[in-house]
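# Geometric and topological summary
Below, each chain spelled out in residue letters.
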Amino acid sequence: MKMKKVLVAMSGGVDSSVAALLLKERGYEVGGATFELFDGCPEQNVSDAKAVCEKLGIPHYVFDYRALFSERVLDCFADGYLRGETPNPCIACNRSIKFGAFARDAERLGYGCISTGHYAAVRFDEASGRYQLWRSAQPRKDQSYVLYHLNQRQLSMLLLPLDRYDKSEVRALAAKAGLPVQSKSDSQDICFVPDGDYVSFIARHTGKPPEEGDYLDDAGNVIGRHRGVLHYTIGQRKGLGVAFGTHRYVSRLDPEHNTVTLSDESAVFRDTLFADGLRLISGGALGGPLSVRAKIRYAHTPAPATVYPLGEGEVRVRFDSPQRAITPGQAVVFYDGERVVGGATIRAAGQDKE
Ligand SMILES: Nc1ncnc2c1ncn2[C@@H]1O[C@H](COP(=O)(O)OP(=O)(O)OP(=O)(O)O)[C@@H](O)[C@H]1O
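These figures come from a predicted structure and were not determined experimentally.

Each α-helix winds once per 3.6 residues, and so residues spaced three or four apart point in a common direction. For helix H7 (residues 198–206), the full list of buried residues reads Tyr198, Val199, Phe201, Ile202 and Ala203. Next to the buried residues of H7 lie helix H3 (66–82). Looking one or two residues beyond H7, the residue adopting positive phi is Gly207, at roughly 75 degrees.

This is the structure we're talking about:
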């Protein structure tokens with residue numbers, strides 16, 4: 001049974017402001033909380049969230065999560081890149097901060113529920129007695145991909161009031177209520193790298209600047225010089241900095257030997273991936289092969305696949321047809337229709353025959 005007191009994670013943006021507004025209109029006793037996540041976090045976010053709370057007549061808190069964010073999000077982001085992976089820091093933040101520390105702090109303050117401005121839906125299924133996570137009714141904004149790791153306890157205390165709304169409706173609601181953030185633009189992809197220069201960020205954070213190295217072809221021949229493994233991601237074609245006369249794509253990153261392999265486009269299509277850290281929304285383990293639609297990055301259209309359990313929390317995912325740029329470090333999220341089944345972290349791509 002959900003309690004009536006809810007603490008909304010308020011970034012100072014339109015979505016979470018409208019989440020607070022809707023919950024207040026629905027009769028909840030609402031509070032708002034803004035997180036300080038890193039040094040240099042825009043002060044404006046805190047003051048905007050505070051102004052919205054004042055307008056709504058609800059209390060506002062500021063939580064300092066800088067130390068935890070540095071350890072669980074920034075360090076993991078940088079370490080992942082140094083291992084040649086492409087991590088998703090929003091998922092790490094959701095796990096450790098929003099649905100970890102924040103959920104605990106909310107409970108400590110007497111709030112039985114928490115809320116965010118994510119576009120996805122939580123439902124309770126009477127038949128199974130389990131909470132479920134569903135895609136947003138508005139596919140263009142759906143954010144269920146970054147929430148695949150939520151467990152039953154977290155879902156039981158989570159309210160996602162934007163589940164059915166479109167962004168334009170959310171903006172209209174903000175305008176109608178006179179919220180001071182109604183025309184604020186959408187947030188950046190990676191909040192702690194506002195200029196998009198993640199290479200410089202990692203170099204600063206780790207003290208290890210990227211080192212030039214060799215581009216290799218599929219046979220291991222040196223075919224040019226790259227600017228440092230950090231600069232590249234699987235499937236990349238643009239920004240290679242060398243003209244090869246034909247299109248080349250990044251197919252392999254090897255930070256140990258500081259090499260980047262370039263191939264024909266066909267080499268970046270793979271039908272199998274290996275992933276670990278499996279989480280199932282229903283809890284429990286995977287008993288046997290499961291047919292799903294699997295999504296390998298935020299902007300990927302889920303594709304038919306079968307998930308096979310391997311060792312502890314490890315799975316092999318076999319797609320019905322090869323997928324472009326399966327990228328280690330990204331999450332693979334499993335759907336049954338519109339419902340999220342669970343997900344895991346991609347560690348390697350392969351071909352079924354390998
Ligand atoms: N610094 C923060 N403090 C508190 N909550 C936050 C913060 N950053 C993000 N959130 C919460 O996480 C949700 C999703 O974050 P995301 O960065 O995807 O923002 P968004 O979709 O642009 O939403 P918004 O318009 O509310 O910023 C937000 O709606 C908000 O509930």
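So, about the pattern of salt bridges. Inspection of the entire model under this criterion finds 19 salt bridges. The closest approach of N and O atoms between Glu54 and Lys50, which form a salt bridge, is 3.5 Å. On the criterion of helical spacing, the pair formed by Glu54 and Lys50 is a turn pair, its members being four residues apart in helix H2 (residues 43–56). Linked by salt bridges that have partners in common, Arg83, Glu85, Asp276 and Arg347 make up one network.

Time to look at the state of the cysteines. Applying the stated criterion across every chain yields a total of zero disulfides. Left without a disulfide partner, Cys41 is nearest to the cysteine sulfur of Cys191, which lies 6.5 Å away. Counting only cysteine sulfurs, Cys93 is the nearest neighbor of Cys191, a cysteine outside any disulfide, at a range of 6.5 Å. Here Cys191 falls in the partly exposed class, since its relative accessible area comes to 40%.

Summed over the entire model, instances satisfying the criterion amount to 17 aromatic pairs. Cluster of aromatic residues (ring-pair linked, three or more members): Phe38, Phe69, Phe77, Tyr81, Phe192, Tyr198 and Phe201. Sitting above the plane of the Tyr111 ring, Lys5 keeps its charged end 4.7 Å from the centroid.

Tracing the chain through its elements places Ala172 in helix H6 (residues 167–176). C-alpha of Ala172 to C-alpha of Val18: the two residues are 154 residues apart in sequence and 9.7 Å apart in space.

A few words on the sheet that holds strand S10 (residues 249–254). If you walk across this open sheet you meet the four strands as S9-S8-S11-S10, and the pairing is mixed. Strands with a single pairing partner mark the edges of an open sheet, and in this sheet they are strand S9 (222–226) and S10. Going across the sheet, the axis of each strand differs from the next one's by a mean of 30 degrees, ignoring polarity.

Below, the discussion takes up the nonpolar core. Ranked by internal contacts, the top residues of the largest apolar core, which has 50 residues, are Phe35, Phe69, Phe102 and Phe192. Only strand S1 (5–9), strand S2 (29–36), H3, helix H4 (89–108), strand S5 (120–125), strand S6 (130–135), H7 and strand S16 (331–336) provide two or more residues apiece to this core. It is H4 that provides the largest number of residues to this core, a total of nine residues. Counting residues domain by domain, this core receives three or more from each of domain 1 (5–176) and domain 3 (268–350).

Conventions adopted
Residues numbered from 1 in each chain as written. Predicted model: local features only at pLDDT ≥ 70, side-chain atom pairs only at ≥ 80, totals over all residues. Heavy atoms only, no water. Buried < 20%, exposed > 50% of the residue type's maximum accessible area, 1.4 Å probe, protein only. Helix = DSSP H or I, 4+ residues; strand = E, 2+ residues; numbered from the N terminus. Contact = heavy atoms within 4.5 Å. Salt bridge = Lys/Arg side-chain N within 4 Å of Asp/Glu carboxyl O. Disulfide = S-S within 2.5 Å. Phe/Tyr/Trp six-rings, centres within 6.5 Å; stacked < 30°, edge-to-face > 60°. Lys NZ or Arg CZ within 6 Å of the ring centre and 35° of its normal. Pairing = 2+ DSSP bridges. Axes fitted to C-alpha atoms, helices over the stretch in contact; angles between N-to-C directions. Core = buried A, V, L, I, M, F, W, Y, C linked by side-chain atoms within 4.5 Å. Domains from an automatic or database assignment.

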